[in-house]
Structures are given as structure tokens and as C-alpha cells.
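Results of the structural survey
Single-letter residue listing:
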Amino acid sequence: MASPATPADRGLPGAMPGRSRLVPWLLAAPLLVGLAVFALYPFLDILALSLSKSSLGRPFQHWPILANFLSLARSEEFHAALLRTTIFAVPVSLAELVLGLGIALLLHSSLREARWVHSLILLPLMTPPMMVAVAWKLILAPVGGLLNGVLLGWGLADSPVSFLGTMPAAFLSIAVADTWQWTPFIAILAYAALQVLPDEVFEAARVDGASPAKMFWYVTLPMLAPTLLAIFLLRVVMAFKLFDLVYGLTFGGPGFSTTVASFKIWRTALQEFDVGLAASQTLVFAVLVSLVTLPITWLHRRSEEWAG
Amino acid sequence: MSLFGHAGRRRRIGPWSGLAAVAMVAFFALPIAYLVSVSFKTPDQVLTGHFLPDAPTLYNWGETFRVIPLVRFLVNSLAVACFSAALTLAIALPATYAMIRLKVGGRFLPAFILATYVAPPVVALIPLFMLLRWLGLLNTVAGLVLVNAVANLPVAFWLLSGFLRRLPPEIDEAAWMDGAGHATVICRIIAPMLTPGLVATGLICGILAYDEFLLASAFSNDEGSRTLPVAIALFQGERLINFGQMAVASLTGIVPVYLIGLFAQRFLIGGLTAGSIKG
């Protein structure tokens, strides 16, 4: 046992039950089985599939070992999808982090009493992503869309703009919808972090005559840094999973210009039925996600050290 | 008293803060407000692109429920959300206790569980499809319950371990002294004291299951087991121009989660912040 103070170690009667290691493992067993089904089995299966020629109906037809990976190495379409996902995940998460922090500061300084605002910003977070896509589609539609109605009505556009059918507007539209959905998440977490900052530090800085801007840069931000980096890491991981908004808003188009990795893999597996190739795409994608998130994990650890 | 649990005096709002606050409220309210507005518009009124309907009508509301089995889909979604959240909690609570308090798996296992969350769900799509087909659970609500329950385990573990760490370990030790077994400690002591945490975790896992689209679209292909997000995605593909009905179908799916958001806000915020803020 890790803690030396448990009654069992002190040899008391009726001490900690199940001195055998079996019972604790039994308590964890259902979760371990679940993990094996949802993580370990898919990983091994994907590994095997990636080395085989497989369709959805007939897996493991033959084993051309590296053929899938070689075809991926040559596939510019797949490289573009990976790059697109990264270009989406990192900057959009960063924008959401900045906006979310801004909202948290606003709530903290001016809107503490406005309960209804707190309720309001919780709503985007809870809206199912497919419904988020529908809501934004109604706003962005060329005919009957609110935005085009406003642009045409105010004479800012001569003819309806196809926001979801042209680049880069389609990509930006997905980014805006994603920002709408996830900025509140960051705002709530950052707000909670602001609440627990020690008041004494701010008092000291105020006594020293620090301006609000200086206070933010030299006091608030450094103290929040570990939390903000943890939130950023979580958001980047989630942004790499982007699928629903692409499916609902653009279906990967126009052309393939909003086809992110998850969507590409989904198409390969469930539209083209090349499960072997989809499996190898999945593995390469998983490596990319790890590579991108590693530096953020490292930064987070460093910031925790700085913050003590 | 604010729901965020502070007690401070009201401050004056400066012009820039006021402007920012208005912009923020408008941005977050707009899409939902427009959705509501469009649901009361006839197809002709939709074409104008005005914000408010010129002559509000309930036509879409009656028609959509007549044309597609929305109630069926809603019931499926709610069933998947409730049963999978319950199953997630039933699996995650004893396991979290075993890992946090009894140190099962040392430091490796908790880290490994969180690491599995990094993998995009599309990774598990093909293997789980084959597994469900083998089990005969494709196109069933039970299959979706199972998949979502397992998929949300890392999230549940993360949240519950945040709540559990705040309980002093002396409590379990006192119970052990009285001769209580692990099962008794979990059911009679930990579970009652963790109630807010369990409610928050259950709600968040339920909402995640309710919102889930990718796996549900791959594993259910008939109306008997179809969930609302999948139905709406299909509906959108079939009837592109019918904005009013699309708005009605979407709002029907949104209302249940918004009610939870309004009435269980305290639990939700407690849950969202449990894992990230060390208090």
C-alpha cells in the first residue's frame, strides 16, 4: 500500500479489507475490459488491417504488407487532408483560447452578477454538433440565409455569396461554427481558474502601482499559464477529431478543400470501402496527432514547473 | 448569489466592456435565435432572408412531426444517453476508486486511460463495426448504448478522479477500521459523498452520447435505432430547401439538452471544471 498510515499496516483488527490484490483489480476490471474493447482491440485490428487488402464486407483478403502505406506516401490528397487538419486544429484552438480568456476576464470583471449571460454561454457547448451545423447552414445559405439577406439588403453584395461553396469562405465558416461551439468551454474553465487565483498577489501589484494592462501581462497571465496550456492541449486534441461540422456544413467540399483527416478516413472506409487503406490512414493520422500535441504537453509541464 | 459561487459587489461596466459584452451575447444567441425564427417561417418567407418571420406560422411544427418520426428518434437518443451514462458510471466509479485510492495499475494505468482519449473515434469505427455485427447489435439501441458507454469511460474517469481526490482518504480508512469491504465503502460512503460529482459526470457523459454522430451514423441504419443527430443529417441531405422543417427537427433535438443546461447548470459547471482546476 502506498500510504504507510493505513490501518492494515498498523496491524489493527478489522483492517483494510482485501489485502490480496485481487479485489481492487476486480473493481477496475469492467473498465479495463471496456478499454480493451474500445482502445486495444481497435488498435491491434487497425494494425492488422493496415497491412492487408480489406473491404468492409471481406476483411483480410491478402497481405501486400506495405502496399497501403506506399500508396499513402504517394497520395497528395491524403497529405493535403493531414495538413488541412493541422492548419485547422492549431490556429482555431488558439483563437478560441484567446477569445475564451477574453470572455472569462469580462465575466470576472464586469458580468459577475449577470446570471443569464452565464446560462447563455453554456448553451453552444451543449448543442449537438450536427444541430450547430444546421443552425450555421441556415445563416450562411446563399438563398434564404440571414447573412446574405443582410449583405444584399444593405447593398454590401450584388448577388448572393456562396459561403459554403467557395474557398476560403467554406473553411472559415467551419472555423466560425467551431469557435461558436467551443469558446464557451474555454471561457468557463478560464473563469473558474480566475476565481481561485490568490487575491494577495493582485493587491501587492496594485500597491506597486501596476496598470491593468501590466497586471494582466505580468501577474494574471503567468499564473493562469498552466491552466490555459492544459485547456489548449485538450482543445487541440478535440479539434483534430473534427468531423460533424464538416459532414453537416460542407461534406468535405468544395472539391476536397475542407476534407479533414477524420472525414477522409471515414470516406475511404465507408464510401470507398477500402478498409485496409483507411486503417493505414488512421495510423499515420494518430502519429501526426501525437507529434503535434507533444510540444504542447512539454510546454504545459514546463509552465507547471515555472508556476511552482 | 451567482451560480459560479462568488460573492462580490456590483461593479460599473465601462463602455468597451459593455460593447464587448453585447457583441458576445449577440454572437452566442444569434444562431439559435435564427433557428427559432426560421421554424416559424413558410418557405416563401425563408427566401426573404429577413431575421424575423413576416407572418409567423406553426405550419412547420405540425408538418415536420407528421413527415418524419421525430418522436421515435428523440426517444432513441434519450435512451442511448440515459442508459449509456448509467452504464458508464457503473463501470467508472469502482474503477476510479480502485485506481485513485487503492493504486491499482500504479501511475501507468491512469495515464494510459487518458492517452486513449487522444485517438479520434474514427479509429475505432471499423473494428467496432465488425464487433457489433458479430454480436448482432448493429442497428440496435443496445449496440449504441454499449458503444457510447465504453467510449465515454476516459472522460468519466477523468472527471470522477477530480472529484474523488477532493474527498479526504481518512474517510475510507475509518470505514475499513469498522470492517467494511470495498464494495460497502463505494456504495455506502463514496457514492453518497460524491453525489454532485456523479450527477455532473453522468450529465456530461449523457450529453456526449446524445450529441454523438459519427459512430451512431455508422452503426444504425434503420429508423428503429436511429438517433436525432443522424436523422437530421439524413433529412438535410434529402430535403435541401426545406429550412423550416430542418429548424423544427433541430430545435426538437436541442430542447432536451437546453433544459438540462438551465436546470442543472451548477452540476455541469462543477463537472466541467473538476478535472482542470486544482482547488
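The structure we're discussing is the one just above.
These numbers come from a predicted model, not from an experiment. (Residues numbered from 1 in each chain as written. Chains lettered and ligands numbered in written order. Predicted model: local features only at pLDDT ≥ 70, side-chain atom pairs only at ≥ 80, totals over all residues. Heavy atoms only, no water.)

Observations concerning the overall build of chain B
Rules: Numbering of helices and strands runs from the N terminus; a helix is a DSSP stretch of H or I covering at least four residues, while a strand is a stretch of E covering at least two. Categorising residues by exposure relies on relative accessible area from a 1.4 Å probe, with only protein chains included: less than 20% of the type maximum marks a residue as buried, more than 50% marks it as exposed, and the intermediate range marks it as partly exposed. The criterion used for residue contact is that any of the two residues' heavy atoms lie within 4.5 Å. For every accessible area listed, the method is Shrake-Rupley and the probe measures 1.4 Å; residues are considered covered only by the protein chains on display.
Assigned secondary structure in chain B consists of 15 helices and zero strands. With 279 residues in all, chain B has 56% of them scored as buried. Nonlocal contacts in chain B, meaning residues at least 24 apart in sequence, comprise 73% of its contacts between residues at least 6 apart. With the model as given, the accessible surface of chain B reaches about 12100 Å², and the carbon-plus-sulfur share is 69%.

Overview of the overall build of chain A
Rules: Positive charges come from Lys and Arg, negative ones from Asp and Glu, while His and the chain ends are left out of the count. One atom stands in for each charge, and that atom is NZ of Lys, CZ of Arg, CG of Asp or CD of Glu.
When helices and strands are tallied, chain A shows 12 helices and zero strands. The N-to-C order of helical and strand elements in chain A reads α-α-α-α-α-α-α-α-α-α-α-α. Considering only C-alpha atoms, chain A reaches an extent of 70 × 60 × 30 Å along its principal axes. By the burial criterion, 54% of the 308 residues in chain A qualify as buried. Partitioning the contacts of chain A with sequence separation of at least 6, the portion at a separation of at least 24 is 64%. Summed over all atoms, the accessible surface of chain A reaches about 13500 Å², with 69% contributed by carbon and sulfur. Side-chain charges in chain A split into 18 positive and 17 negative, and the spacing between the mean points of these groups amounts to 7 Å.

Re the nonpolar core
The cut-off we apply is this: Working definition of a nonpolar core: buried Ala, Val, Leu, Ile, Met, Phe, Trp, Tyr and Cys residues. They are joined through side-chain atoms within 4.5 Å.
Core analysis: the biggest nonpolar cluster contains 191 residues, and Trp266(A), Met24(B), Leu35(B), Leu125(B) and Phe219(B) have the highest contact counts within it. A total of 16 residues in this core trace back to one element, the largest contributor, which is helix 7 (residues 169-195) of chain A. Residues within four places of Leu125(B) in sequence aside, it is in contact with Trp266(A), Leu270(A), Leu214(B), Leu215(B), Ala218(B) and Phe219(B).

Focus: the side chain of Gln45(B)
Its place among the elements puts Gln45(B) in helix 2 (residues 43-48). With sequence-adjacent residues up to four places away left out, Gln45(B) is seen in contact with Phe40(B), Pro53(B), Asp54(B) and Ala55(B).

Description of the interface of chain A and chain B
The condition that has to hold: The term buried area denotes the loss of accessible surface (1.4 Å probe radius) that occurs when two parts are joined, taken as the sum for both partners. Salt-bridge detection follows one rule: a side-chain nitrogen of Lys or Arg within 4 Å of a carboxyl oxygen of Asp or Glu. The definition of a polar contact used here is a pair of N or O atoms within 3.5 Å, where within protein one atom must be able to donate a hydrogen and the other to accept one, and adjacent residues in sequence count solely through side-chain atom pairs. Residues are grouped as follows: nonpolar covers Ala, Val, Leu, Ile, Met, Phe, Trp, Tyr, Cys and Pro; charged covers Asp, Glu, Lys and Arg; every other residue, Gly included, is treated as polar.
On the side of chain B, 105 residues touch chain A, which itself brings 103 residues to the contact. Between chain A and chain B the total buried area reaches about 9000 Å² when both faces are included, carbon and sulfur atoms providing 79% of it. Taken together, the links from chain A to chain B amount to zero salt bridges. Summed over the shared surface of chain A and chain B, the result is seven residue pairs in polar contact (both at pLDDT 80 or more). Here the side of chain A that touches chain B gets 18 residues from one element, more than from any other, and that element is helix 1 (residues 22-50) of chain A. The residue inventory of the side of chain A that touches chain B, partitioned by class, reads 74 nonpolar, 20 polar and nine charged.

Digging into the pattern of salt bridges
Scanning all chains against the criterion turns up seven salt bridges over all chains. Glu96(A) is paired through a salt bridge with Arg235(A); the nearest N and O atoms lie 2.9 Å apart. Remark: Arg235(A) occurs in helix 9 (residues 212-240) and Glu96(A) occurs in helix 3 (residues 76-109); sequence separation between them is 139 residues. An identical accessibility class is assigned to Glu96(A) and Arg235(A); each is buried. In this structure, Glu63(B) engages Arg66(B) in a salt bridge whose closest nitrogen and oxygen atoms are separated by 2.7 Å. Taken together, the residues span about one helical turn, with Glu63(B) and Arg66(B) both in helix 3 (residues 59-67) at a distance of three residues. Owing to a relative accessible area of 15%, Glu63(B) belongs among the buried residues under this scheme. Members of the salt-bridge network, linked through shared partners, are Glu96(A), Asp178(A) and Arg235(A).

Points about the environment of Pro121(B)
With respect to the secondary-structure elements, Pro121(B) resides in the loop between helix 5 (108-116) and helix 6 (122-135). Judged by relative accessible area, Pro121(B) falls into the partly exposed class, the value being 26%. With 30 residues separating them in the primary sequence, Pro121(B) and Ala151(B) have C-alpha atoms 8.2 Å apart. When sequence neighbours within four positions are dropped, the list of residues in contact with Pro121(B) reads Lys241(A), Leu214(B) and Leu215(B).

Some words on the packing of aromatic side chains
Two numbers describe a pair of aromatic rings. These are the distance of the centres and the angle of the planes. For clarity, the threshold we go by: Pairing of aromatic rings covers Phe, Tyr and Trp, the last counted by its six-membered ring, and requires centre-to-centre distances within 6.5 Å; plane angles under 30 degrees mean stacked, over 60 mean edge-to-face, and any other angle means tilted. Definition used: whenever NZ (Lys) or CZ (Arg) falls within 6 Å of the ring centre and also within 35 degrees of the ring normal, the charge is taken to sit over that ring.
The full count for this structure, using the stated rule, is 22 aromatic pairs over all chains. On the basis of an interplanar angle of 75° and a centroid distance of 5.4 Å, the ring pair of Tyr247(A) and Trp266(A) is categorised as edge-to-face. Remark: Trp266(A) occurs in helix 11 (residues 261-270) and Tyr247(A) occurs in helix 10 (residues 244-249); sequence separation between them is 19 residues. Take Tyr247(A) and Trp266(A): they sit in the same class, and that class is buried. The ring of Tyr117(B) has Lys241(A) lying over it, and the distance from NZ or CZ to the ring centre is 3.6 Å.

Focus: the state of the cysteines
Residue and element names in this part refer to chain B. Threshold: Whenever a pair of cysteine sulfur atoms sits within 2.5 Å, that pair is classed as a disulfide.
Enumeration according to the criterion identifies zero disulfides over all chains in this entry. Among the cysteines around Cys205, which has no disulfide bond, Cys82 carries the closest sulfur, lying 13 Å off. Assessed through its relative accessible area of 1%, Cys205 is described here as buried.

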